[in-house]
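Spelled out, the chains give:
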Amino acid sequence: MENKVRVNGLTFVPYLTHDVIMKEVERVASEIREDLKGGDPVFICVLNGAFIFAADLIREIGMNEGKIAFVRYASYEGTSSTGHVRQLTGLTEDIDGKDVVIIEDIVDTGLTAVKMIDDLKKHNPRSVRFATLLHKPASSRTGFTPDYVAFNIEPKFIIGYGLDLDGKVRNLKDIYVIEEEE
């Protein structure tokens, strides 16, 4: 893990190592596998940030009958949420009567999560579950709580393992948090 990462004039310091992340991915995968055993779920990866988490999680779940679909929503500009959720790419997979697991990188205000679930329910799934790598309960504006959470964190801006700053640094294996001024 690098000691510090600089991007867009900001400095980030280590927060979660790849090894720690992978242990939680394994735990969440085990919970999902148990809840959906014998099924043929549709996993919906929320682009762009969740693609690394989704790939690791789906491989770890190991349900060969499951399908993978992608959607894209936006609510961030720079380091903060705009409070406005826009769907950029919609669902193309048929989820009628299917168990669905949304895979997201981070739940901050909960606005995007609630919008996605409402959108998906219009397609008559059997069930909708929500898995997230990171959850910021203190930032919630909706009271939404994901079904599966790898890490509950404080409301700080983070990067790495798929999470970005203006499209940059998604490639980092570890997760970094913005450095606090002393």
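Residues numbered from 1 in each chain as written. Predicted model: local features only at pLDDT ≥ 70, side-chain atom pairs only at ≥ 80, totals over all residues. Heavy atoms only, no water.

Draft legend 1. Inspection of the packing of aromatic side chains at higher detail. Across all of its chains, the model carries 2 aromatic pairs by this definition. Judged by centre distance (5.1 Å) and plane angle (75°), the ring pair of Phe 130 and Phe 144 falls under edge-to-face. Here the residue Phe 130 occupies a position in strand 7 (residues 127–135), and Phe 144 occupies one in the loop between strand 7 and strand 8 (148–152), the gap between them amounting to 14 residues. The two residues Phe 130 and Phe 144 agree in class, both being buried. (Phe/Tyr/Trp six-rings, centres within 6.5 Å; stacked < 30°, edge-to-face > 60°. Helix = DSSP H or I, 4+ residues; strand = E, 2+ residues; numbered from the N terminus. Buried < 20%, exposed > 50% of the residue type's maximum accessible area, 1.4 Å probe, protein only.)

Draft legend 2. Local environment of the pattern of salt bridges. Summed over the entire model, instances satisfying the criterion amount to 12 salt bridges. The closest approach of N and O atoms between Glu 24 and Arg 27, which form a salt bridge, is 2.7 Å. Of the two residues, Glu 24 and Arg 27 are both situated in helix 1 (residues 18–35); the distance of 3 residues between them amounts to about one turn of the helix. Judged by relative accessible area, Arg 27 falls into the partly exposed class, the value being 30%. Residues participating in the shared-partner salt-bridge network are Glu 24, Arg 27 and Glu 31. (Salt bridge = Lys/Arg side-chain N within 4 Å of Asp/Glu carboxyl O.)

Draft legend 3. Inspection of the sheet that holds strand 10 (residues 175–178) at higher detail. Within the open sheet, the 4 strands sit side by side as 1-2-10-9. Their pairing is antiparallel. Each having just a single partner strand, strand 1 (5–7) and strand 9 (158–159) make up the two edges of the open sheet. Pairing analysis gives 2 bridges linking strand 9 to strand 10, with the strands arranged antiparallel. Residue pairing across strands places Ile 158 opposite Val 177, the latter belonging to strand 10. (Pairing = 2+ DSSP bridges.)

Draft legend 4. Layout of the environment of Met 22. Within the fold, Met 22 resides in helix 1. When residues no more than four places from it in sequence are discounted, the contact partners of Met 22 are Asp 56 and Tyr 161. (Contact = heavy atoms within 4.5 Å.)

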